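# Remarks on the overall topology
What follows is each chain in one-letter form.
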Protein chains: 2
Amino acid sequence: MQKFLIPCFFLVSLIGFSQENLLKYVNPFIGTEKMGHTYPGATAPFGAVQLSPDTDTISYELNGKYNKDVYKYCAGYRYEDETIVGFSHTHFSGTGHSDLGDFLVMPTVGKLKMNPGTAQHPETGFRSRFSHDEESAAPGYYQVQLKDYNIKAELTATTRVGVHKYTFPKSAESHIILDLMSGIYNYDDKTVWTYVRVVNDSTLTGYRQTNGWARTRTVYFAMTFSKSFKSYGRKDFDTNQVYKGFWRKFNQNENFPEIAGQKIRMHFDYDTEEGEEIMVKFALSPVSQSNAMENLLVETPGWDFEAIKNQTQKSWNQELNKIQIKASENDKINFYTAIYHTFLSPTVYMDVNGQYKGLDQEIHIADGFTNYTTFSIWDTYRALHPFFNLVQPSRNNDMVKSMMKHYEQISLKMLPIWSHYANDNWCMSGYHSVSVVADAIVKGIYDGDENAALDACVETANKRFYEGIGDYIDLGYIPDEKNGTSVSNTLEYAYDDWAIVQAAKTLGRMDVYETFIKRSENWKNNFDPSIGMMRPKLADGTFRENFDSQETHGMGFIEGNSWNYSFFVPHDPEGLVKAMGGKKKFTDKLNTLFTMHLPDEFFAHTEDISREGILGGYVHGNEPAHHVAYLYNWSSEPWKTQETVRHILEMQYKPTPDGLGGNDDCGQMSAWYIFSALGFYPVAPGSENYAIGSPLIDEAIVQLENGKKLKIKSINNSSRNVFVQKVELNGKEIKDFTLKHSDLVKGGELVFYMSDKQNK
Amino acid sequence: MQKFLIPCFFLVSLIGFSQENLLKYVNPFIGTEKMGHTYPGATAPFGAVQLSPDTDTISYELNGKYNKDVYKYCAGYRYEDETIVGFSHTHFSGTGHSDLGDFLVMPTVGKLKMNPGTAQHPETGFRSRFSHDEESAAPGYYQVQLKDYNIKAELTATTRVGVHKYTFPKSAESHIILDLMSGIYNYDDKTVWTYVRVVNDSTLTGYRQTNGWARTRTVYFAMTFSKSFKSYGRKDFDTNQVYKGFWRKFNQNENFPEIAGQKIRMHFDYDTEEGEEIMVKFALSPVSQSNAMENLLVETPGWDFEAIKNQTQKSWNQELNKIQIKASENDKINFYTAIYHTFLSPTVYMDVNGQYKGLDQEIHIADGFTNYTTFSIWDTYRALHPFFNLVQPSRNNDMVKSMMKHYEQISLKMLPIWSHYANDNWCMSGYHSVSVVADAIVKGIYDGDENAALDACVETANKRFYEGIGDYIDLGYIPDEKNGTSVSNTLEYAYDDWAIVQAAKTLGRMDVYETFIKRSENWKNNFDPSIGMMRPKLADGTFRENFDSQETHGMGFIEGNSWNYSFFVPHDPEGLVKAMGGKKKFTDKLNTLFTMHLPDEFFAHTEDISREGILGGYVHGNEPAHHVAYLYNWSSEPWKTQETVRHILEMQYKPTPDGLGGNDDCGQMSAWYIFSALGFYPVAPGSENYAIGSPLIDEAIVQLENGKKLKIKSINNSSRNVFVQKVELNGKEIKDFTLKHSDLVKGGELVFYMSDKQNK
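Residues numbered from 1 in each chain as written. Chains lettered and ligands numbered in written order. Predicted model: local features only at pLDDT ≥ 70, side-chain atom pairs only at ≥ 80, totals over all residues. Heavy atoms only, no water.

Chain A has the name Glycoside hydrolase family 92 protein in an unreviewed UniProt entry, where Moheibacter lacus is given as its organism. Listed under Cofactor (unreviewed entry) in UniProt, the entry text for chain A is "Ca(2+)". (UniProt positions renumbered as here; feature names shortened; annotations may be inferred.)

Below is the structure:
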């Protein structure tokens, strides 16, 4: 990646775009408290390694059942916790289900402890107390003082290598623990197999295979220490293994270089002087130990921690400078932290030599593109991928190529639903990859075989056995009896089908167009005109009697109730207005949504949002209604988009650890913020159109990859002056609340004239 | 491999060596009853696939403990059993511990059964009754009638592909089961992970990872059917798996192509006509699914079962023709079955593209050699590898190269002890790889870097932490207190050290020579002159008081008692004669060994030999005394070698399923037979010398790889005329009972003049 970024940087310099230091506006702790599920550790832009502290070891299961509390630890770190168990190398950002946490490393001093201990009694294990006063984080850098050991821990990372620097006190009993059992959403048999070989007195390689959210997942590693360890050992925690065989000939626990088993922790022992620094470089690979070692040697050839950190931070600053803004300090922190969060994933998923493991569990070479994984597409198709199409089109082109490889390699022949590390975990509904593909085709981003991509969309959309698609195709909706989330599925499929239509139109594929334009109207089948809302329909064609429009669970929806999902026709707001009885009734309904009072029971039943994530009955903490504030543009009170968006921007995003009202969801929440802060939003990806909102920033310069600049200005803007009076693009007034992507990427000046008056 | 054999065959033809049909003398059932532990199924010479019936599903553990009965099923098949569970693709030949049994395939008719059932009630599962009357086997071919289903099952194999032909009755419920949980020496969690993808309606690929005798082992496969299945499914037997995730969206049990988990069986369903043949090709790879598919396509491009079988049988016949003999029909059956058994392993361990998985669990390419695995070296260094040096020197050269790659790849930096499938299972004692390496160097077989090979021997012999080597180096013996098999270890190390000396001498490495010539005399440290036998010695230098020279267990020996091990100085019979008090006393001791009566308790305590495997106190069923009959050559009654060897040849090898008195041990028992039947034996591999015995055959022509022929004749030979009066090699009389390898490989004529008179 960095090879790519450096020439880009020079190109940018040549055309006179000067870089600001924007790192200081990124606060990686935002979202680490409450529902944000972000992590504060060190990573490179879209890096394969996310090296970050884990503050507990909570298990996915408790007494054989799902342990609800595990949910809080989706990113490994909770701001409210007081101990750190160690630093592991892989983390999702903002997810609402989880996995990863591979290869936890922890430095200790004193008597060797081979278990993590408990939060209540950290002294019983290798974890340590810490304080936020002695902790800091920035893009590509994290540091904390480990109180129990008087060790300063510093972390940085390149794309594929995590780099640790530990400053020890004087001790004859200094240790570095490598925990190969630990993990996020861990449970007793999640680690399927572990293999380690100690190559010499400062190098080891190996791999770990897990069975979790990703069902068949192996991560290979190479680990090097800046100082030779004086001794090392392992502890085998597998009590069930019947067969130990003739390995009993050896003492495998001490200084024994061949290690394999299901549940293993290792320790590396040192004498340290006061203030002695020991560094660890830890490279990952999806393919092999030798690839991990190659990644390590190519990306981090030396032992200069500062140089590695500076290089990664330079990369980050280049990425952040893609949008320069004028805004208040707090807004700048929210804005650049949002950009930071949007550039964490999808993550690079290939070695420096181009190899990666595919969905067929075979080794492939990414020929002419960068392969990515971590596709939380139900979330990210909405604003993140459209945002990439604006500021990261090269990467998004490669992401679509990665999705196409996924499609080619998986024997089910489907585009990804939610994929990570050569697995689809099948989380959430819809087949929204087609939206990402269509948006890239419609906006001219995808330079692969567009017709093959469209064919993949069509094949995915025709998998009859997948979540009611067969019924959906036959009946135009999914009978409530057959599927617990029949309504949201139907609505999402209908939107996705419309996205396919847009790509088909672009490519002149009228056969596809005809079929899917009809399917795109299927939302109407779940619309009950008698209540003007979406409602589960039975196989016999009647609407379900037992129905509560405020309830999320058991009512035919996922992560949203009927009130939120009734507006899920992003591709046909006019149709929805009509169905709801015209502009007035539509407006009333929107007003009700944004002002209703929800009972406390609502929150008790809803896992990943808090009252702070709610505006009336509008749930910003989950995604299905992310476009809804912009639907006022189609109502009789269009200025309400402007005030509502500004309200959400200020209420749902704060520059504090608890500043996110819901899961950041791999950058979707942050992408919503960035678009909205710039004054427009992609209501229906797959369309060129952005709906105009109300810009938060005073000025922004968007550096486009084509070398052009888009300058956005909001005249007379303030927290009172949220109403847009006029919008001009390159001097031409925009009359229909709509901006076109193809116009914006020509560059120039977009000016919003603001006032405290609603523009009726 | 076949590419190599074909030109070889033509070369042979050119020089006028006409091939006999020798296949008919091979009876693969020999050794399938009692202790032989051979398998009757289909395999190519040194083939990676051993496709053979398994007659039970016995587990390695019973109620959490070792299940003694599992031992009988080392090769999967017991002649006395009445049911066949299925046909699996990997088997050891003759081992006394086990593993493998991968990918069991079973055709059935009628109601689908997804468990194997029991031997007592086969109708409860998919297994079938069978009868030996409807069963036959030959090299490269096995067939049986499955009574319960009226299915004829036929098997053949190429090097890397197992080929099944099933002739079905008419049925709308015909099935082919693929059991991915079954295995030899199986236990509940032995299968670590399984992955399968159904590529189309007649093809699947996948892999299975196990944790058994080989700790970290993955076998990849590609499976194709000659007829499209009408439906398929899986059953998941994993009751412990906590996390099933969003895969619950699917019905994974029926026609679902993405399959993964720990415990899986699959079925493929057909309508069949009466007499309809369905073939299955099943290719293995140690590297990847795509390599397995490549192996399949390269080795078995079509669906002509007879052609594949004929090709493999032609290969076998070429191999068998390396020695043509005149002998009785029964002796021919014993002889060629012995050759067949010696050419089963080591097994080819690389794909057609040259890739294999190394001891570092990484993918390597075998550059310029064929990589082998299945090295049961404690057994096979004695006669099997010396036999290869005579008739398979190219293969043995590659086997040494494979051992050197093992050494380079394993982080312990040791030559193999007992290795299979990229693992050392560390079974048995000594570091006898050094014997194989030295023998190949001394005989000029090894064309790799000989000094590097010697260095590997020296490094292996200096692993202080391995089985008492540290004490052995420091004290010259291993104290009884520290090691349960201290005496046999010391004796075996001393021999191995002498083998290193021979290689060092050949290479002029006097530094190594000096060190190891001293170590080679360490056998003297365990020799107790007061009893004239080997005996455990304590750390204080005194011999252990509590000592029973007939007892094997707890007396400091492995697979042999003091009586057998006291003669384990193969490299210095003269020294042993002297230590035992001269030729008379030495002769008396040998006489006692071969005539003593062992109590019944002896057999109760000894796992892998029966009374039939015993001659007096001499145990032929285990290996440590395999050279001892030849030690009479150094006694005052040298003719007793001749009569004893002939006695063993006739007593221990019979052309019947129960014809082997002990484990064939990957061909060592058979190699002893072949050498002895030809009239000579390598008492101390690493030496050029063969000790002369008494040939069983009337005439033999050994076709050497250098194009020369060694003709062996025994004049006036009979079961009474076992005594050698004179031996001439190319007309020159041999006076010292010793033949030299370098003389034999020049070809010519070796003539034994036989009589019923002892030649005193």
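Regarding its fold elements, chain A presents 19 helices and 40 strands. Taking 760 residues into account, the globule formula puts the C-alpha radius of gyration at 27 Å, and chain A, at 26 Å, falls close to it. Based on the C-alpha atoms only, the size of chain A along its principal axes is roughly 80 × 60 × 50 Å. Partitioning the intrachain contacts of chain A with sequence separation of at least 6 by distance along the chain shows that 70% fall at a separation of at least 24. Accessible area of chain A: about 23,700 Å², with a carbon and sulfur share of 50%. For chain A, the separation between the mean place of its 75 positive charges and that of its 95 negative charges on side chains is 2 Å. (Helix = DSSP H or I, 4+ residues; strand = E, 2+ residues; numbered from the N terminus. Rg over C-alpha atoms; globule rule 2.2 N^0.38 Å. Contact = heavy atoms within 4.5 Å. Areas by Shrake-Rupley, 256 points an atom, 1.4 Å probe, with all protein chains shown as cover. Lys, Arg positive; Asp, Glu negative; His and termini not counted. Charge placed at Lys NZ, Arg CZ, Asp CG, Glu CD.)

Expressed as a screw transformation, the operator carrying chain A onto chain B has a rotation angle of 180° and an axial translation of 0.0 Å, and the superposed copies differ by an RMSD of 0.0 Å. Classification of the inter-copy transformation places it as that of a two-fold axis. The rotation axis passes nearest to the C-alpha of A:Val192 in chain A, at a distance of 3.3 Å. Taken as a fraction of all interface residues of chain A, those also at the interface in chain B reach 100%, which identifies the copy contact as same-surface. (Least-squares fit on C-alpha atoms with pLDDT ≥ 70 in both.)

Right, let's get into helix 3 (residues 305-320) of chain B. Three or four residues apart is the spacing at which side chains of an α-helix point the same way, because the helix has 3.6 residues per turn. Residues and elements named next belong to chain B. With 16 residues, helix 3 ought to run about 22 Å at 1.5 Å a step, and its terminal C-alpha atoms sit 22 Å apart, in line with that. When we look at burial in helix 3, the residues that qualify are Phe305, Ile308, Lys309, Thr312, Gln313, Ser315, Trp316, Asn317, Gln318, Glu319 and Leu320. Near the N-terminus of helix 3, the side chain that reaches the backbone nitrogen of Glu306, with its oxygen 3.2 Å away, is that of Asp304. (Expected span 1.5 Å × (residues − 1). Buried < 20%, exposed > 50% of the residue type's maximum accessible area, 1.4 Å probe, protein only. Polar contact = N/O pair within 3.5 Å; in protein donor to acceptor, adjacent residues only side chain to side chain.)

Before going further, it helps to examine the packing of helix 6 (residues 384-391) of chain A against helix 18 (residues 668-678) of chain A. Helix-helix packing is described using two parameters, namely the angle between the two axes and the distance between the axes. All names here are of chain A. Their axes nearest at 8 Å, the elements helix 6 and helix 18 cross at an angle of 55°. One element, helix 6, and the other, helix 18, form an angle in the oblique class. Crossing of helix 6 over helix 18 shows left-handed handedness. On helix 18, the residues touching Leu384, Pro386, Phe387 and Leu390 of helix 6 are Gln668, Ala671, Ile674 and Phe675. Partitioning the contact of helix 6 with helix 18 into residue classes produces seven nonpolar, one polar and no charged. (Axes fitted to C-alpha atoms, helices over the stretch in contact; angles between N-to-C directions. Parallel < 35°, antiparallel > 145°, perpendicular 65-115°, else oblique. Left-handed = near helix turned anticlockwise from the far one by under 90°. Nonpolar A, V, L, I, M, F, W, Y, C, P; charged D, E, K, R; others polar.)

In this section: the pattern of salt bridges. In this structure the tally under the stated criterion is 92 salt bridges over all chains. For the salt bridge of A:Arg78 with A:Glu80, the shortest nitrogen-to-oxygen distance reads 3.1 Å. Judged by its relative accessible area of 4%, A:Arg78 is buried. Take A:Glu80: its relative accessible area is 36%, and that puts it in the partly exposed class. Notably, a salt bridge pairs B:Lys746 with B:Asp743, separated by 3.3 Å at the nearest N-O pair. Through salt bridges that share partners, A:Asp102, A:Arg208 and A:Arg217 make up one connected network. (Salt bridge = Lys/Arg side-chain N within 4 Å of Asp/Glu carboxyl O.)

A few words now on the domain arrangement of chain A. Residues and elements named next belong to chain A. Splitting chain A by domain gives domain 1 (2-319) and domain 2 (321-755). Each of domain 1 and domain 2 has a C-alpha centre, and the two are 33 Å apart. Carbon and sulfur atoms make up 57% of the area that domain 1 and domain 2 hide from each other, which totals about 5,400 Å². Across the domain 1-domain 2 interface, the total number found is three salt bridges. (Domains from an automatic or database assignment. Buried area = accessible area lost by both parts, 1.4 Å probe.)

Residues and elements named next belong to chain A. Along strand 18 (residues 258-261), one buried face is formed by Glu258 and Ala260 and the opposite face, lined by Ile259 and Gly261, is buried too. As defined by bridge partners, strand 14 (residues 191-200) adjoins strand 18 across four bridges and the pair is classed as antiparallel. Across the sheet, the residue bridging to Thr194 is Gly261, located in strand 18. (Pairing = 2+ DSSP bridges.)

Moving on: the interface of chain A and chain B. How big an interface is tends to be stated in terms of the accessible area lost upon association of its parts. Taken together, the contacts link 51 residues of chain A with 51 residues of chain B. Summing both partners gives a buried area of about 4,700 Å² for chain A against chain B, and 56% of it is carried by carbon and sulfur. When the area that chain A buries against chain B is broken down by residue, the three leading residues are A:Arg215, A:Tyr243 and A:Lys249, summing to 18%. Two residues, B:Glu467 and A:Lys249, come together in a salt bridge whose shortest N-O distance is 3.6 Å. In this structure, the connection of chain A to chain B is made through 28 residue pairs in polar contact (both at pLDDT 80 or more). Mapped onto the side of chain A that touches chain B, the elements with two or more residues apiece are strand 14, strand 15 (203-210), strand 18 and helix 2 (289-299) of chain A. The greatest single-element share of the side of chain A that touches chain B, amounting to five residues, is contributed by strand 14 of chain A.

Quick look at the environment of A:Glu329 now. Among the structural elements, A:Glu329 can be located in helix 4 (residues 329-342). Sequence separation between A:Glu329 and A:Ile30 is 299 residues, and the spatial gap between their C-alpha atoms is 15 Å.

Now for the side chain of A:Arg208. By the element assignment, A:Arg208 lies in strand 15. Separated by 3.1 Å, the side chain of A:Arg208 and the backbone oxygen of A:Leu180 make a polar contact.

As a further point, take the sheet that holds strand 21 (residues 323-326) of chain B. Residues and elements named next belong to chain B. Ordered in space as 21-34-35-39-36-37, the six strands form an open sheet in which the pairing is mixed. Of all the strands in the sheet, the pair left with one neighbour each is strand 21 and strand 37 (732-733). Judged from the four bridges that link them, strand 21 and strand 34 (residues 699-703) form a sheet pairing that is antiparallel. Note that in strand 34 the partner of Gln324 across the bridge is Ile701.

Geometry of an aromatic ring pair is reported as the spacing of the ring centres plus the angle between the planes. In total, this model carries 125 aromatic pairs over all chains according to the counting rule given. Relative to A:Phe268, the ring of A:Phe225 lies with its centre 4.8 Å away and its plane at 45°, an arrangement referred to as tilted. Residue A:Phe225 is located in strand 16 (residues 217-225), and its partner A:Phe268 is located in strand 19 (residues 264-272); the two are separated by 43 residues in the primary sequence. The exposure class of A:Phe268 is buried, given its relative accessible area of 0%. Here A:Tyr466 and B:Phe250 contribute two aromatic rings whose centre-to-centre distance is 5.6 Å and whose plane-to-plane angle is 40°, an arrangement assigned as tilted. Of this pair, A:Tyr466 sits in the loop between helix 9 (450-461) and helix 10 (469-475) while B:Phe250 sits in the loop between strand 17 (231-236) and strand 18 (258-261), placing the two residues on different chains. Side by side, A:Tyr466 and B:Phe250 carry an identical accessibility label, which is buried. (Phe/Tyr/Trp six-rings, centres within 6.5 Å; stacked < 30°, edge-to-face > 60°.)

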